[in-house]
Amino acid sequence: VTLYNQWKKAYVAGGSKKYVKSNNSQGATKVISEGQGYGMLATVLAAKKGANTHTTFNQLYSYYHAHRISSKNPLMSWEQTSRRGRLTSVGSEKNSATDGDLDIAYSLILADKKWGSKKTNYKAAAKALLAAIKKREINKTTYLPKMGNWATSSYDQSKLRTSDLMTGYFKTFAKYTKDRTWTKVASQSQKAIVKLSARNKSGLFPDFIKATGKTIKLSAVKPYQIESGRDNQYGYNACRVPWRLAQTYLITKDGTTKRVLKKQLAFFNKRKKITAVYTMSGKAVNNYANTAFTAPVNMAARTLKQTSLKKKTAKQLPKSIEKKNYFSATLQVVTGLQ
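Here the structure is a predicted model, which is why all the values come from computation and not from measurement.

K.L.:
Tell me about the sheet that holds strand β5 (residues 86-88), and name the residues and values.
P.N.:
Spatial ordering of the open sheet is given by β3-β4-β5, a layout of three strands whose pairing is antiparallel. Strand pairing shows two members of the sheet lacking a second neighbour, β3 (30-32) and β5, which therefore form its edges. Each strand axis lies, on average, 25° off the axis of its neighbour in the sheet, ignoring direction. As paired elements, β3 and strand β4 (residues 79-83) share three bridges and run antiparallel to each other. Residue pairing across strands places Ile32 opposite Glu79, the latter belonging to β4.

K.L.:
How would you sum up the sheet that holds strand β8 (residues 217-219)? Please name residues and give values.
P.N.:
An order of β6-β7-β8 is seen for the three strands of this open sheet, with the pairing classed as antiparallel. A strand with exactly one partner marks an edge of an open sheet, and here the two such strands are β6 (159-161) and β8. Shown here is a sheet whose adjacent strand axes are inclined to one another by a mean of 40°, direction ignored. As paired strands, β6 and strand β7 (residues 208-212) are joined by three bridges and run antiparallel to one another. For Lys159, the partnering residue across the bridge sits in β7 and is Lys210.

K.L.:
Please give an account of the packing of aromatic side chains that cites residues and values.
P.N.:
According to the stated counting rule, one finds 21 aromatic pairs in the structure shown. The interplanar angle of 85° and the centroid separation of 4.8 Å between the aromatic rings of Tyr236 and Phe293 together place this pair among those described as edge-to-face. Within this pair, whereas Tyr236 is found in the loop between β8 and α9 (241-252), its partner Phe293 is found in helix α11 (residues 291-303), the two being separated by 57 residues in sequence. Classification of Tyr236 as partly exposed rests on a relative accessible area of 23%. By relative accessible area, which is 0% here, Phe293 ends up buried. In textbook terms, an aromatic cluster arises when at least three aromatic residues are bridged by ring pairs, as seen for Tyr234, Tyr236, Phe267, Phe268, Tyr278 and Phe293. When the ring centre of Trp243 is taken as reference, the NZ or CZ atom of Arg244 above it lies at 3.8 Å. Stacked on the ring of Phe267, the Lys or Arg Arg271 has its end atom at 4.2 Å from the ring centre.

K.L.:
Go over the environment of Lys113 with me, naming the residues and quoting the values.
P.N.:
Summarising the element assignment, Lys113 is placed in helix α4 (residues 98-115). Considered as a pair, Lys113 and Lys123 are 10 residues apart in the sequence and their alpha carbons are 8.9 Å apart.

K.L.:
Report on the layout of surface pockets, specifying residues and quantitative values.
P.N.:
By volume, the largest pocket amounts to about 510 Å³. Forming the boundary of the largest pocket are 22 residues, of which Glu34, Trp78, Arg161, Glu227 and Asn237 lie nearest the centre. For the lining of the largest pocket, the residue count by class is eight nonpolar, six polar and eight charged. Space inside the second largest pocket adds up to approximately 410 Å³. Going through the elements one at a time, α2 (33-48), α4, α7 (167-177) and α9 are the ones with two or more residues in the lining of the second largest pocket. Taken together, the residues of the lining of the second largest pocket sort by class into seven nonpolar, three polar and five charged.

K.L.:
Tell me about the pairing of β4, residues and numbers included.
P.N.:
Relative to β5, β4 runs antiparallel, the two being bridged by three bridges. Directly across from Arg83, in β5, lies its bridge partner Arg86. Between β4 and β5, which pair antiparallel and follow one another directly, the connecting turn spans two residues, one of which, Arg84, has a positive phi of 50°.

K.L.:
Can you lay out the side chain of Asn73 for me, pointing to particular residues and giving the numbers?
P.N.:
Assignment of secondary structure puts Asn73 in the loop between α3 (54-66) and β4. Taking the relative accessible area as the measure of exposure, Asn73 reaches 8% and is therefore buried. Contact partners of Asn73, with chain neighbours within four places excluded, come to Arg68, Ala132 and Arg136.

K.L.:
Quick rundown of the packing of α2 against α4? Include the residues and the values.
P.N.:
Axis angle and axis distance: for two packed helices, these are the angle between their axes and the distance between the axes, and together they describe the pair. At their nearest, the axes of α2 and α4 sit 8 Å apart, and the two run at 25° to each other. Looking at the two axes, α2 sits roughly parallel to α4. Where α2 crosses over α4, the handedness of that crossing is left-handed. For the pair α2 and α4, the contacting residues are Ser33, Glu34, Gln36, Gly37, Tyr38, Met40, Leu41, Val44, Leu45, Ala47 and Lys48 in the first and Asp99, Gly100, Asp103, Ile104, Tyr106, Ser107, Leu108, Leu110, Ala111, Lys114 and Trp115 in the second. In the contact of α2 with α4, the residues fall into 12 nonpolar, five polar and five charged.

Conventions adopted
- Residues numbered from 1 in each chain as written.
- Predicted model: local features only at pLDDT ≥ 70, side-chain atom pairs only at ≥ 80, totals over all residues.
- Heavy atoms only, no water.
- Pairing = 2+ DSSP bridges.
- Helix = DSSP H or I, 4+ residues; strand = E, 2+ residues; numbered from the N terminus.
- Axes fitted to C-alpha atoms, helices over the stretch in contact; angles between N-to-C directions.
- Phe/Tyr/Trp six-rings, centres within 6.5 Å; stacked < 30°, edge-to-face > 60°.
- Buried < 20%, exposed > 50% of the residue type's maximum accessible area, 1.4 Å probe, protein only.
- Lys NZ or Arg CZ within 6 Å of the ring centre and 35° of its normal.
- 1 Å grid on protein atoms, 1.4 Å probe; cavity = no way out; pocket = protein on both sides within 12 Å on 5 of 7 lines; lining within 4 Å.
- Points joined across faces, edges and corners; volume = space filled by probe spheres on them.
- Nonpolar A, V, L, I, M, F, W, Y, C, P; charged D, E, K, R; others polar.
- Contact = heavy atoms within 4.5 Å.
- Parallel < 35°, antiparallel > 145°, perpendicular 65-115°, else oblique.
- Left-handed = near helix turned anticlockwise from the far one by under 90°.

Now the structure itself:
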């Protein structure tokens with residue numbers, strides 16, 4: 001909670017509509033749905049640990065509500081940029097990003113369970129958002145999450161962030177909505193996770209993969225095919241996978257998830273320190289550490305009670321929040337609270 005308060009001071013701005021700044025104090029203020037999802041999740045998790053964050057959560061929720069794609073489409077516009085003193089979305093910024101929407105939906109469910117929905121109807125907001133995610137961000141053939149609502153061609157629909165395979169969320173959504181589609185999304189995501197784990201000895205997942213067919217056929221992507229030269233490596237998207245797997249295990253206590261996560265942690269346990277970016281064979285691409293890679297492994301080690309790895313990674317984590325590194329600081333907070 002101490003780290004959460006440091007993070008909030010450094011990265012949360014706004015009045016009645018609070019937002020998470022993602023621009024690292026450089027140039028115009030930018031807000032992304034990913035960050036808003038992390039912020040809402042961290043804020044309700046802090047409340048579960050006794051912090052008085054209900055007002056802050058409502059303010060973060062109000063910002064999300066104001067930046068939905070439309071009143072009829074509750075997916076959040078993926079990016080807002082400060083223009084003439086106002087945070088607005090133009091052009092492709094009005095599209096959605098699935099990871100942000102998933103965290104926002106899950107945080108609303110937690111808020112409903114924590115505070116109830118009499119004053120602010122978190123339950124209705126969560127169910128409306130989940131209906132939109134199902135309609136616009138889930139592939140109708142593979143039942144895996146797409147990257148966003150913009151992925152409409154068969155090629156774009158096959159592209160997948162491995163860190164979006166949040167089986168625990170999908171099982172929670174099934175129980176919350178009583179919609180069996182989410183059970184299928186959870187089952188298909190679990191199949192993809194098992195196949196990804198078996199692809200190499202390290203057990204690491206690449207940032208992106210292509211998935212086709214009802215039986216989930218996986219095919220590799222090439223560097224720069226989707227986002228960057230790290231597309232086929234364990235980079236700044238896949239670094240979140242140990243956290244997401246541990247999160248799923250906390251929610252479901254699923255043995256398959258535990259085995260997949262243990263394989264990854266066995267790989268990290270052999271390293272003297274966790275560094276930023278690995279190839280699928282486990283070769284370190286860089287020799288420097290980055291909190292975005294260390295914090296998820298630390299959280300996973302804590303979850304599976306792997307003491308030596310927990311201690312090793314804890315030593316690598318900064319004692320106070322990095323003030324100009326939104327992604328690393330935010331992942332340290334959100335994983336630390338779980």
